[in-house]
Amino acid sequence: MQRHITDHPKTRLESPRVRAYLAIDRQTKRHRVYDVLHRQHKASGSETAVVKFCEIDRGYDA
């Protein structure tokens, strides 16, 4: 005797269509490592040099 249709697990990630969809979905998004690298604090130095240059250019004493 088979189980009723509602007794089966709802998530069936083993079907080929779902696997193909998930593979395409993963390829369209950026990898989370790139997001982490993007959020990391950039090394100061270049930003401060630009800020100081702009202050000097505006006439402020640095």
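Residues numbered from 1 in each chain as written. Predicted model: local features only at pLDDT ≥ 70, side-chain atom pairs only at ≥ 80, totals over all residues. Heavy atoms only, no water.

**Examining the overall build of the protein**
Inclusion rule: Helix and strand definitions follow DSSP, with helices as H or I runs of at least four residues and strands as E runs of at least two, each counted in order from the N terminus. Under the scheme applied here, a residue whose accessible area is under 20% of the maximum for its type counts as buried, over 50% as exposed, and between as partly exposed, the area being computed with a 1.4 Å probe on protein chains only. All accessible-area figures derive from a Shrake-Rupley calculation using a 1.4 Å probe, and residue coverage is judged against the displayed protein chains alone.
On a plain count of helices and strands, the protein comes out with three helices and zero strands. Here the protein holds 62 residues, and the buried ones make up 0% of them. Carbon and sulfur atoms make up 56% of the accessible area of the protein, which amounts to about 6,800 Å² in all.

**Some words on the pattern of salt bridges**
Keep this limit in mind: We count a salt bridge whenever a side-chain nitrogen from Lys or Arg sits within 4 Å of a carboxyl oxygen from Asp or Glu.
Under the definition given, this model contains two salt bridges. Among the salt bridges present, the one from aspartate 25 reaches lysine 29, with a minimum N-O distance of 3.6 Å. In this structure lysine 29 comes out as exposed when scored by relative accessible area, which is 54%. Note that aspartate 35 is salt-bridged to arginine 30, the shortest N-O span being 2.4 Å.

**Some details on the confidence of the model for the protein**
Operational definition: The quantity called pLDDT is the predictor's confidence in a given residue, expressed from 0 to 100.
Per-residue pLDDT for the protein averages 77, and the proportion of residues at 70 or more is 76%. Taken element by element, the predicted model of the protein shows its lowest mean pLDDT in helix α3 (residues 46-58) (78) and its highest in helix α1 (residues 16-28) (88).

**Some words on a nonpolar patch on the surface**
Using the following cut-off: By definition, no residue in a patch forms a salt bridge, and every one has over 30% relative accessible area; like charges are joined within 9 Å, nonpolar side chains (Val, Leu, Ile, Met, Phe, Trp, Tyr) within 5 Å.
Side chains of Val33, Tyr34 and Leu37 sit close together on the surface and give an oily, nonpolar patch of about 320 Å² of accessible area. Locating tyrosine 34 in the fold gives a position in helix α2 (residues 32-39). For tyrosine 34, a relative accessible area of 54% gives the class exposed.

**Overview of α1**
Applied cut-off: Multiplying 1.5 Å by the helix residue count minus one yields the expected span of that helix.
A rise of 1.5 Å per residue sets the reference length of α1, with its 13 residues, at 18 Å; its end C-alpha atoms lie 19 Å apart and thus fit the reference within 8%. Little of α1 is tucked away: zero of the 13 residues are buried.

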